[in-house]
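The lines below spell out each chain.
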Amino acid sequence: MKSIFETITEAQKTSLEAAAGFSDNWLVVIERLTQLNIEVSRTAFEKSLEMALLGMAGSLSQGNEFAWSASVQSGIEQFSEYCQSVRAMTLDAAKHQHCR
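Here is a short report on the structure shown in this document. (Residues numbered from 1 in each chain as written. Predicted model: local features only at pLDDT ≥ 70, side-chain atom pairs only at ≥ 80, totals over all residues. Heavy atoms only, no water.)

1. Remarks on the overall build of the chain
So, step 1. Within the chain, the secondary structure is distributed over three helices and zero strands.
So, step 2. Overall, the chain shows an N-to-C arrangement of helices and strands of α-α-α.
So, step 3. For the chain, buried positions account for 12% of its 100 residues.
So, step 4. Of the roughly 8,000 Å² that the chain leaves accessible, carbon and sulfur atoms contribute 63%. (Helix = DSSP H or I, 4+ residues; strand = E, 2+ residues; numbered from the N terminus. Buried < 20%, exposed > 50% of the residue type's maximum accessible area, 1.4 Å probe, protein only. Areas by Shrake-Rupley, 256 points an atom, 1.4 Å probe, with all protein chains shown as cover.)

Here it is, written out as structure tokens:
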């Protein structure tokens, strides 16, 4: 009878250790994803602000503050591609963190 209780106790201990390990890894993944999202948001904000300032400066130098959108269209497309690549890197990092 003592052997059965020892076996059950050992199995419960192993299960609790596995759950604790999973929880620790899960928190690490969530923390890393949060850091990546903050970094992506910050970078996107900085880049969009830079583009807006460049566009406005270019259009104001031409004396037409409403013509800037046509002059920076290719820049907006480049920025969109940049954001998509950053998103893809974030998703890849999340996948690799999840697999660990």
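2. What to know about the packing of aromatic side chains
So, step 1. Tallied over the full model, the rule gives one aromatic pair.
So, step 2. Consider the rings of phenylalanine 22 and tryptophan 26, whose centres lie 6.3 Å apart with planes at 15°: the pair is stacked. Of this pair, phenylalanine 22 and tryptophan 26 both sit in helix 1 (residues 2-61), four residues apart, which is roughly one turn of the helix.
So, step 3. Overall, tryptophan 26 belongs to the partly exposed group, its relative accessible area being 43%. (Phe/Tyr/Trp six-rings, centres within 6.5 Å; stacked < 30°, edge-to-face > 60°.)

3. A word on the pattern of salt bridges
So, step 1. Counting across every chain of the model gives two salt bridges.
So, step 2. Linking arginine 42 and glutamate 46 is a salt bridge whose minimum nitrogen-to-oxygen distance equals 2.7 Å. Of the two residues, arginine 42 and glutamate 46 both sit in helix 1, four residues apart, roughly one turn of that helix.
So, step 3. If you follow the salt bridges from partner to partner, you end up with Glu39, Arg42 and Glu46 in one network. (Salt bridge = Lys/Arg side-chain N within 4 Å of Asp/Glu carboxyl O.)

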